[in-house]
Each structure stands twice: as C-alpha cells, then as structure tokens.
Amino acid sequence: MSKKDRTSHFKFSKQERNGMFFLLAIILLLQVGYFYLQIYPTPLEGSLVPDSNLQEKVEELRSAKDTIAMYPFNPNFITDHKGYVLGMSPEEIDRLHNFRSQGRFVNTISDFQEVTQVSDSLLNTFSPYFKFPEWTRRSKSEASGGGKPRAGSNDKIQVASRDLNTVSADELKLVRGIGEKLSARIIKFRNRLGGFLVEEQLYDVYGLEKEVADRVLARFGLLTIPEITKIDLNTASSDELAQLVYIPFNLSRAIVAYRDRKGGIASFEELTEIQGFPEEKIDRIKLYLSL
C-alpha cells in the first residue's frame, strides 16, 4: 500500500471538519450543562411552597370585607353573597330566607334581628344602611299618634296620591330633576313591570340619576304591591322568560340552555353562573320567578 493510500483516511473535507466542530461544541455544552445542574439544582420543591407574602395579602382582603363601600338596601332581599359580605353566618341567612319564603317581610331593625338572630355588634355595623319602604315609616309614625288621620279628613286621599304605583306623570314632574321625558319614562317602565314590587326598581329606569330617584322615593312610596304570577324557572320557555323586563331574549335562551345542560336549576344563585346575567339585579329578577 502506498503512502498516499495510507494517509487518505485522515484527510477530511471542509464540510466534514465543520460537522466535527459542531459535534464537539454540542458535547461540550452538554457537559457544561450537566455540571451546572449538579452544582445548582432546580428548586422544584420550593416552587410548590405557598408564597407567604401572597397569602398575607389574601388574608388582608378577607379581613377587609367589612370596609367595602355600602349603599342603602332593603334587608328583605339579602342574597347569600350579600349576607356573606355583611358577615352573616349561613344559618342567619337561611333564617331570613325561610322567613321570606312564607311571603312575610321584616319592616324594622328589631324585626330583622328577631328573625335572623344576629348579634348586636354585627347588626350595628350594617343596620344604618337599611332602607325600608316608605309606607313602613309612615305606619310607625301613625302608630305613635303623630300621623294618625283625623275622622272626616281627606288624609286617606292624600296618602293614596303618594303611592309610587299610582302617581301620575304630572305629579312626578313636581320632583326637582324630573321633566317631561323622565316622568313618561318612569310611567312606561312601571307599566312594563306591571307595577313596582320594591322601591329599588325605580333605580332601574334608564337615565334616572340616583339623587333624583332618591327625591322621588322621599315623596312617593310603595303603598300598594301588585299581585303577579311568577314564572317557573324550570319549565318556562325562552319566550316566556324574555317577557321579563330584566331578561333580554339572548339571555333567556342562555338560561334555558344552562337549565337543559344541568338538568334543572336548584337555586336562583345559579343564574349568576350564566354569562351575561346581571348579577347586581338578581334580587329584582327573582321576585318574578319560582323554582
């Protein structure tokens, strides 16, 4: 064998030399990575340890629930979520719901405490925000003798004219901030409802500012409550549900689809799981529904 033949096995082309270089580089990088992981292992166990700072923030948020801004509300329509925010126990909330399921109402702070059995300290934190219907305040005034009508007087007619469910558009315009359009809008909304069931529904009138609505409620209260036929949430069609002012047709179809998927709806609170459902109005909506 010639010398040329013996040395031909040790000659490489430029492409082969480049390939060997990259192979050596990869091997070197793998060796460096291996030794690095041996010296600085990945803290897998530490990644599963709860963040103490984050946990502290969560606890702060839980303890700060009493600092949430509150607005006047009718305690007869406290939901499970509202009761939790107020600090009520599930048993206290259930006592109120059982009482209301009998068609009865609490009309004073003492009535509320008697029904729910909440402590004095807890009651004092949110009872200043209770807003009972105007007629309950008037009844208490008459019971004390201050507002008792005199025999033969026309006080009864004056009281009837102050009923939010019978007041005319012209009478509404006597309230500062109520003009032709708003008075007509209030009457139209009342007619669509079939009459107001709770004073809070006045705040749902489009374009009516809260301050103006407060002035209306200071002058007119709910002295008569209309009788309504509740819609069965578990049997009603989407068309029937869409008859409610608060439920547009697309939402009524979503409710029926959710009901069919779940095999029925067990509580009104389930409705809040449906996308697009106006959770802030559930107290009003469930006045028109039954399970």
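Structure's up top.
Residues numbered from 1 in each chain as written. Predicted model: local features only at pLDDT ≥ 70, side-chain atom pairs only at ≥ 80, totals over all residues. Heavy atoms only, no water.

Student: Hey, could you go over the overall build of the protein for me, with residue numbers and the actual values?
Tutor: Along the protein, the regular secondary structure elements total 16 helices and 2 strands. Relative to all contacts within the protein whose residues are 6 or more apart in sequence, the contacts with residues 24 or more apart total 57%. Counting every atom, the protein has about 19,400 Å² of accessible surface; 55% of that belongs to carbon and sulfur. (Helix = DSSP H or I, 4+ residues; strand = E, 2+ residues; numbered from the N terminus. Contact = heavy atoms within 4.5 Å. Areas by Shrake-Rupley, 256 points an atom, 1.4 Å probe, with all protein chains shown as cover.)

Student: Talk me through the pattern of salt bridges; I want residue IDs and the actual numbers.
Tutor: For side chains of opposite charge, pairing can occur when their charged atoms come near one another. In this structure the tally under the stated criterion is 6 salt bridges. For Glu180, the salt bridge goes to Lys173, with nearest N and O atoms at 2.9 Å. Given the relative accessible area of 56%, Glu180 is considered exposed. On the accessibility criterion, Lys173 (30% relative accessible area) is partly exposed. Put simply, Asp170, Lys173 and Glu180 are held in one network by salt bridges that share partners. (Salt bridge = Lys/Arg side-chain N within 4 Å of Asp/Glu carboxyl O. Buried < 20%, exposed > 50% of the residue type's maximum accessible area, 1.4 Å probe, protein only.)

Student: Could you give an account of the side chain of Asp204, naming the residues involved and the relevant values?
Tutor: Its location among the elements puts Asp204 in the loop between helix 12 (180–193) and helix 13 (210–219). Leave out the neighbours within four places in its chain, and Asp204 touches Phe189, Tyr246, Lys281 and Arg284.

Student: Talk me through the environment of Phe130; I want residue IDs and the actual numbers.
Tutor: By secondary structure assignment, the location of Phe130 is in the loop between helix 8 (120–126) and helix 9 (134–143). The exposure class assigned to Phe130 is buried, which follows from its relative accessible area of 11%. Put simply, Phe130 and Asn74 are 56 residues apart on the chain and 5.7 Å apart in space, counted from C-alpha to C-alpha.

Student: Which residues make up the packing of helix 6 (residues 90–100) against helix 7 (residues 109–116), and what values do they have?
Tutor: In the contact formed by helix 6 and helix 7, the axes pass within 8 Å of each other and the chain directions differ by 110°. When the axes of helix 6 and helix 7 are compared, the pair comes out roughly perpendicular. Of the residues in helix 7, those in contact with Glu92, Arg95, Leu96 and Phe99 of helix 6 are Phe112, Val115 and Thr116. Taken together, the residues that form the contact of helix 6 with helix 7 break down as 4 nonpolar, 1 polar and 2 charged. (Axes fitted to C-alpha atoms, helices over the stretch in contact; angles between N-to-C directions. Parallel < 35°, antiparallel > 145°, perpendicular 65-115°, else oblique. Nonpolar A, V, L, I, M, F, W, Y, C, P; charged D, E, K, R; others polar.)

Student: Help me get a handle on the nonpolar core, residues and values and all.
Tutor: Generally speaking, nonpolar side chains in soluble globular proteins are found buried as a group. With 44 residues, the main nonpolar core has Ile178, Leu202, Leu208, Ile255, Leu271 and Leu289 as its most contacted residues. Breaking this core down by element, the ones donating at least two residues are helix 12, helix 13, helix 15 (249–262) and helix 16 (282–285). For this core, the element with the highest residue contribution is helix 12, accounting for 5 residues. Apart from residues no more than four positions distant in its own chain, Leu271 is found in contact with Leu233, Ile255, Ile265, Phe277 and Leu289. Formed by 16 residues, the second largest nonpolar core is a distinct cluster that contains Leu86, Val106, Phe126 and Phe130. (Core = buried A, V, L, I, M, F, W, Y, C linked by side-chain atoms within 4.5 Å.)

Student: Give me the packing of aromatic side chains: which residues, what numbers.
Tutor: Counting across every chain of the model gives 6 aromatic pairs. Both rings, one in Phe112 and one in Phe126, keep their centres 6.1 Å apart while their planes meet at 85°; by these two values the pair is edge-to-face. Note that Phe112 is positioned in helix 7 and Phe126 in helix 8, a separation of 14 residues in sequence. Neither Phe112 nor Phe126 differs from the other in exposure class; each is buried. Ring centres of Phe126 and Phe130 lie 5.8 Å apart, and the angle between their planes is 40°; this geometry places the pair in the tilted category. (Phe/Tyr/Trp six-rings, centres within 6.5 Å; stacked < 30°, edge-to-face > 60°.)

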